[in-house]
Structures are given as C-alpha cells and as structure tokens.
Amino acid sequence: MLMVITNEHSYFIKEEDLSTVELGSLVFNPITEKLSLILAPGVLTPINNSDALEKFAAAIAAGGEITISEKVDAPTGFVITLDTSITNNGEIAISEDTVGDGVFKVTSGVLTLDGKGTINGLDKSGWSMAIWATDNGKVIIKDGYFTNVGAYSEEDGEHFDLIYASGNALIEINGGVFEAANPQWTLNVKDVDYKAGRANIIVKGGSFKNFDPANCLAEGAGTNFVALGYQSVKEGDYYVVKPL
C-alpha cells in the first residue's frame, strides 16, 4: 500500500490506483521508505536527497510528536488533520510549492509549534503563507521564526498573508518572531469568518516586525488581535506582546 498526502488529507491506496491521485500530491512508500511527487497522471517522480523530508512526511501523516533539527525543503506544503506537535530546531521550507496552502494547512486537530527553528512560507504560488488554519483546525504557536520575505506575485504583488485563519479555525500565538514580506499582512483572518465570529487569531506573545497586532488594518482600521491582559510594546522595528 502507498500513502498519499494531498492538499486535503492523507490516505492509503494500491499502486495500481495511482492514476486516481491528484497532481501535486506526495506519495510515500512504507516498504522502500521513499517519497515521490505526482507531476504527471499516474507517474511517480522520485524526490532526490530527501531522507529528512521522507521521515518528516511520514511523521506528519501519522500525527503525534515530531522533532526536527535539520532543513526540510518540501515540494509542497503539509496538511494537518490530526493532533500534531512539532519542535522545530531546523528549517521547514516549501520553495518549489505552486499550490499555495502554506507550509502547514491545518483543517482539523491541533498543530502545536515550538522550537527556535524557521518556518519559511516563501514559495512559487503567489501566496507564500507559513500557516493556514481553516475548517475546524487550531494552531498554537509557542516559538519559532516565521517568514515569507521575498514573496512575489504578478497577480497581487502586495498581499502575502504570513499567518492566516478562515472557516472555524483559531490560531493562538504565545511566542515566536514574525517577519512578513508585506508587514501589513503578517496576521490576517478571512473577513467574512472574522465578522461572523468564527475564525480568529489571539496573540499572547511574540515579536512582530513592523506590524502592531494590537492596532492593524487586517480586518479594518484598529483591528486588535491581542488578548485581554496583554499589550503590544514597540521595541525598535518590532512590536513585542507581553502581559500588562
């Protein structure tokens, strides 16, 4: 059986059913422990020099606790559907991605991120998100460096959401450093979901370069993502969130 990791979920199939797998999906072979990419219908394209990526993709599909200490450069982002805790002391990047779901798209379960490592959303999709929580997903950010500096899009050359929530999702930020290609969109929630009280971002910590989470334009002038009992203090180029 082969494990298919799509933009929506993970599942197992028989090799003869490869023609049913959508383009851009990752396919992990548990027997050979090799990871491939579907670039043409039914055709497996091996990913070279991907030992770290193969192990990481398998761990993501299984959920649970994951620790990385090296660079994982994936051809596409990872969809989280199970409770998953990642301690990142390396770097996770999706430099070749053209899908645009972010490094992590969380549709259900809770993704907890910790460690001093980098999560780099810079990709070739024109979106370059680091984190996207949607549907019923939840993300808890404890630490790490989140960036998409260098993002470019011919369609929209200014709007790159670094951390984004939609649907019924919640993102809680307790720490970390955030540096966006366009600081205005460091944090953003889909307007209709925010106004309906469904999706939200709650900030209780972290340092945000040239972006004030207590007074931004994300959901209109004066948007405040900072939780009650906390404040945003300007320190040089950064706004640092700390208890009152």
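Note that the coordinates shown come from a computational prediction; the quantities given were computed from them, not determined experimentally. (Residues numbered from 1 in each chain as written. Predicted model: local features only at pLDDT ≥ 70, side-chain atom pairs only at ≥ 80, totals over all residues. Heavy atoms only, no water.)

Observations regarding the overall build of the chain
Stated precisely, the cut-off is as follows: Working definition: helices are DSSP H or I runs of at least four residues, strands are E runs of at least two. Numbering for both runs from the N terminus. For this measure, only C-alpha atoms enter the radius of gyration; the expected value for a globule follows 2.2 Å times N^0.38, where N is the number of residues. In this scheme, a residue with accessible area under 20% of its type's maximum is buried, one over 50% is exposed, and one in between is partly exposed, where area comes from a 1.4 Å probe on protein chains only.
Looking only at helices and strands, one finds 2 helices and 24 strands in the chain. Taken over the C-alpha trace, the chain has a radius of gyration of 18 Å; the compact-globule value for 244 residues is 18 Å, and the two agree within 12%. A principal-axis box enclosing the C-alpha atoms of the chain has dimensions of 60 × 35 × 30 Å. Across the 244 residues in the chain, those meeting the buried criterion constitute 52%.

Some details on the pairing of strand E1 (residues 2-5)
Formally: Paired strands, as defined in this entry, are two strands with at least two bridges between them according to DSSP.
With burial as the criterion, each face of E1 is covered, one bearing Leu 2 and Val 4 and the other bearing Met 3 and Ile 5. Sheet analysis places E1 next to strand E3 (residues 26-29), joined by 3 bridges and oriented antiparallel. Across the sheet, residue Met 3 finds its bridge partner in E3, namely Phe 28.

Section: the pattern of salt bridges
As a reminder, the rule being used: Whenever Lys or Arg places a side-chain nitrogen within 4 Å of a carboxyl oxygen from Asp or Glu, that contact is recorded as a salt bridge.
The final tally for this structure, using the stated rule, is 6 salt bridges. Between Lys 124 and Glu 96 there is a salt bridge, with the nearest N and O atoms lying 2.7 Å from each other. Of this pair, Lys 124 sits in the loop between strand E13 (118-120) and strand E14 (131-133) while Glu 96 sits in the loop between strand E10 (91-93) and strand E11 (104-106); the two residues are 28 residues apart in sequence, bridging distant segments of the chain. Among the residues examined, Lys 124 registers a relative accessible area of 51% and is labelled exposed. Linking Arg 198 and Asp 193 is a salt bridge whose minimum nitrogen-to-oxygen distance equals 2.8 Å. With relative accessibility at 7%, the residue Asp 193 sits in the buried group.

Concerning the packing of aromatic side chains
The cut-off we apply is this: Between the rings of Phe, Tyr and Trp (Trp by its six-membered ring), a pair exists once the centres lie within 6.5 Å; its type follows the angle of the planes, with under 30 degrees stacked, over 60 edge-to-face, and the other angles tilted.
Evaluated as defined, the whole model comprises 6 aromatic pairs. Seen in terms of ring centroids, Phe 146 and Phe 178 are 5.0 Å apart; in terms of plane orientation they differ by 10°. Their pairing is stacked. Placement of Phe 146 in strand E16 (residues 145-147) and of Phe 178 in strand E19 (residues 177-179) is noted, with a sequence separation of 32 residues between them. The exposure classification of Phe 146 matches that of Phe 178, with both residues buried.

Topic: the sheet that holds E13
What counts here: All axes are obtained by fitting lines to C-alpha atoms, using only the stretch in contact for helices, and the reported angles, taken between N-to-C directions, cover 0 to 180 degrees.
Read across the open sheet, the 8 strands follow the order E7-E10-E13-E16-E19-E22-E24-E23; overall the sheet is mixed. Edge positions in the sheet fall to strand E7 (71-73) and strand E23 (230-235), since each of these pairs with one other strand and no more. Adjacent strand axes in the sheet meet at a mean angle of 15°, parallel and antiparallel pairs treated alike. As judged from the 3 bridges shared by E7 and E10, these two strands associate in the parallel manner. Residue pairing in the sheet places Lys 71 in a bridge with Glu 91 of E10.

Some points on the environment of Pro 213
Keep this limit in mind: Residues are treated as being in contact if the distance between any of their heavy atoms lies within 4.5 Å.
Checked against the element boundaries, Pro 213 lands in the loop between strand E22 (206-209) and E23. Placed 61 residues apart in sequence, Pro 213 and Tyr 152 show a C-alpha to C-alpha distance of 23 Å. Residues in contact with Pro 213, not counting those within four places in the same chain, are Leu 187, Val 203, Phe 208, Thr 223, Asn 224, Phe 225, Val 226, Ser 232, Tyr 239 and Val 241.

Points about the environment of Met 3
Along the chain, Met 3 turns up in strand E1. Judged by relative accessible area, which is 12%, Met 3 ranks as buried. Separated by 82 residues in sequence, Met 3 and Ser 85 place their C-alpha atoms 21 Å apart.

Quick notes on the pairing of strand E4 (residues 34-40)
Where E3 and E4 come together, 4 bridges link them in antiparallel fashion. Following the sheet pairing, Phe 28 is matched in E4 by Leu 35. Joining the antiparallel neighbours E3 and E4 is a turn of 4 residues, in which Glu 33 adopts a positive phi near 60°. Summarising the sheet, E4 and strand E5 (residues 43-46) pair through 4 bridges and their orientation is antiparallel. Looking across to E5, one finds that Leu 37 is bridged to Thr 45. Between E4 and E5, which pair antiparallel and follow one another directly, the connecting turn spans 2 residues, one of which, Gly 42, has a positive phi of 75°.

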